[in-house]
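# Examination of the molecular architecture
Single-letter residue listing:
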Amino acid sequence: KWSAADLGSHGTWVLGAPDVLLAASPHPGAGAVLADLVAQNLRVLLLARADLLLVDDTLPTSLRPAGFVVLTERIRPDAADTVAYLAAQGVGLRVISGDDARAVAAVAAAVGVRGDVVDARDLDDDAIPAAMARGVVFGRVLPEQKSGMLRALRRQGHTVAMTGDGVNDVIALKEADLGIAMGSGVPAARAVAQVVLLDDAFASVPHLMAEGRRVVTNAERVANLFLTKSVWAGLVAVTVAALDLSYPFLPRQVTLAGSLAIGIPAFFLALDTKARPYRPGFVRRVLRFAVPAGVVMTTAVLGTVAAAGAAGLALAETRVLTTIVLLLVGLGILAVLEWPLTGWRAAVVAAMALAGALAFVIPPVRDFFALAPPAPAWLAGTVGLSTVAVAAVAALTRGVRRDRVSPSAPPPSRPSG
């Protein structure tokens with residue numbers, strides 16, 4: 001918090017944090033001036049003189065203030081908008097600094113961060129968790145206290161990201177769930193951080209957060225499709241093995257239905273820009289959708305097999321019917337998952353449905369996938385059964401889809417320059 005030089009007959013000169021130096025050598029006049037400067041959002045250093053020689057790293061006593069070094073804090077024009085966006089998205093902000101708590105609070109208030117101000121010199125290790133729960137702005141924080149503060153937040157159930165650029169931030173950056181270093185920061189900070197902001201702009205953080213949310217949102221949507229396939233494929237395999245039945249599909253027919261109802265749509269879904277705030281329970285939500293959908297799909301397929309067997313249809317004819325059911329119900333599940341269908345989502349579902357229809361019409365494709373057109377009555381029956389199955393999926397998964405959070409607002413425009 002201070003540095004000093006022994007200049008012999010010219011005395012010892014000390015430059016450092018005013019509150020630290022004045023605490024060792026109180027000076028009412030300097031204290032009043034300091035309070036006025038701090039209230040103006042200024043960063044202040046105190047230059048003082050002592051007649052005593054330096055002894056090790058002990059702060060000299062009987063300091064006489066000689067003057068203040070006043071630095072103006074230049075707040076980026078996009079800082080307030082960035083803070084407002086993060087707050088609106090439910091991100092709790094903590095300002096942790098080694099500077100004077102009053103100066104830090106003034107700068108934080110200027111960008112919209114307001115709350116209890118805590119001087120970290122009054123905190124011991126046992127008091128940090130309670131302080132982090134109530135405090136928003138922290139001043140005079142030591143490097144080891146920063147990492148303790150992050151551990152306290154994580155123990156309280158928070159996912160913690162930290163921005164920093166100095167050597168004093170290195171330990172805390174490693175402690176955070178996501179360490180974000182500034183591009184102009186020291187090499188050690190950049191080395192331990194998971195993300196480096198090359199433009200040095202805090203306004204880039206919302207875009208970083210939006211990208212993470214987009215990835216998680218799209219991963220959940222794609223997982224619903226692929227796990228649904230895993231459920232019905234496993235149930236169908238176990239059932240036909242237990243009942244000693246012929247498998248109701250050719251491998252190429254499963255590939256066709258899976259590609260049109262899962263594989264190709266999933267590629268486009270993974271590129272979607274719509275993002276939702278992260279919520280715990282990823283696996284639970286996916287299972288609540290995929291298991292009912294997979295059970296319904298299995299029931300529809302086995303019901304088709306049973307009806308075809310009762311009517312005495314050949315295995316090749318039965319496989320055509322089950323492929324139609326598999327394709328229609330798969331596309332229906334895709335539509336339920338993406339409902340309401342608008343824009344490019346509707347176009348993707350429609351294109352996959354058209355491709356499926358063409359597979360039954362184009363002779364070379366039809367012959368390759370062994371898709372001889374069924375009798376009109378059987379075709380109508382499979383369409384009706386598929387419609388009922390899709391309606392059942394929509395009803396069984398309504399709670400899961402309603403449980404989704406509305407898409408988050410787009411982040412502010414990126415800083416220019």
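Above: the structure in question.
Okay, so let's go over this structure. (Residues numbered from 1 in each chain as written. Predicted model: local features only at pLDDT ≥ 70, side-chain atom pairs only at ≥ 80, totals over all residues. Heavy atoms only, no water.)

### With respect to a negative patch on the surface
A surface patch of like charges, here negative, comprises D124, D125, D126 and E144. Locating D125 in the fold gives a position in the loop between β6 (116–119) and α5 (128–134). (Patch = residues over 30% accessible without salt bridge, like charges linked within 9 Å, V, L, I, M, F, W, Y side chains within 5 Å. Areas by Shrake-Rupley, 256 points an atom, 1.4 Å probe, with all protein chains shown as cover. Salt bridge = Lys/Arg side-chain N within 4 Å of Asp/Glu carboxyl O. Lys, Arg positive; Asp, Glu negative; His and termini not counted. Charge placed at Lys NZ, Arg CZ, Asp CG, Glu CD. Helix = DSSP H or I, 4+ residues; strand = E, 2+ residues; numbered from the N terminus.)

### Looking at the sheet that holds strand β5 (residues 95–96)
Within the open sheet, the 3 strands sit side by side as β5-β7-β6. Their pairing is parallel. The sheet is open, and its two borders are formed by β5 and β6, each paired with just one other strand. Both β6 and strand β7 (residues 135–139) contribute to a ladder of 4 bridges, which runs parallel. From the neighbouring strand, V117 faces β7, where its bridge partner is V137. In the packing of helix α4 (residues 101–110) onto the sheet, contacts are made with β5, β6 and β7, and the angle to β7 comes to roughly 130°. (Pairing = 2+ DSSP bridges. Contact = heavy atoms within 4.5 Å. Axes fitted to C-alpha atoms, helices over the stretch in contact; angles between N-to-C directions.)

### Focus on the nonpolar core
Soluble globular proteins tend to pack their nonpolar side chains together in the buried interior. With 41 residues, the main nonpolar core has W232, L326 and I333 as its most contacted residues. Contributing elements (two or more residues each) for this core: α9 (205–242), α10 (251–269), α11 (282–310), α12 (315–337), α13 (343–361) and α15 (376–396). Ranked by residues supplied to this core, first place goes to α12 with 11 residues. Once you skip the residues sitting within four places of it in the chain, L326 turns out to touch W232, F249, A257, M297 and V301. Listed in part, the 21 residues of the second largest apolar core include V118, A131, F138 and A181. (Core = buried A, V, L, I, M, F, W, Y, C linked by side-chain atoms within 4.5 Å. Buried < 20%, exposed > 50% of the residue type's maximum accessible area, 1.4 Å probe, protein only.)

### Structural notes on α13
At 3.6 residues per turn, the α-helix brings residues three or four places apart onto the same side. Taking 1.5 Å as the rise per residue, α13 with 19 residues should run 27 Å; its terminal C-alpha atoms sit 27 Å apart, in good agreement. Residues of α13 that are buried include every one of R345, V348, V349, M352, G356, A359 and F360, and no others. The arc that holds the buried residues of α13, viewed along the axis, is 120°, so those residues lie on one side. When the buried face of α13 is taken as reference, the exposed residues oriented beyond 90 degrees from it are G343, L354 and V361. The elements touched by buried residues of α13 are α9, α10, α12 and α14 (363–368). (Expected span 1.5 Å × (residues − 1). Arc of directions from axis to C-beta.)

### Notes on the sheet that holds strand β1 (residues 2–6)
Taken together, the 4 strands give an open sheet; going across it, the order is β1-β2-β3-β4, and neighbouring strands pair in antiparallel fashion. In the strand order of this sheet, the two ends are held by β1 and β4 (64–72), each with one partner. Within the sheet, the average angular offset between the axes of one strand and its neighbour, ignoring direction, is 20°. Sheet analysis places β1 next to strand β2 (residues 12–16), joined by 5 bridges and oriented antiparallel. The partner of A4 across the bridge, within β2, is V14. Across the sheet, helix α2 (residues 28–39) touches β3 (42–50) and β4, and the angle it forms with β4 is around 0°.

### Focus: the pairing of strand β8 (residues 161–164)
With burial as the criterion, only one face of β8 is covered, namely that bearing M162 and G164; the residues A161 and T163 on the opposite face remain uncovered. Pairing analysis gives 4 bridges linking β8 to strand β9 (residues 178–182), with the strands arranged parallel. In the sheet register, M162 faces β9, and the bridge partner there is G179. Viewed along the sheet, the connection from β8 through helix α7 (residues 170–175) into β9 turns out right-handed. (Right-handed = clockwise from strand over helix to strand, strands pointing away.)

### Points about the pairing of β9
Burial within β9 is extensive, with 4 of its 5 residues counted as buried. Bridge count between β9 and strand β10 (residues 195–197): 3 bridges; the pairing is parallel. Along β10, the bridge assignment pairs M182 with L197. The handedness of the β9 to β10 crossover, carried by helix α8 (residues 187–192), is right-handed.

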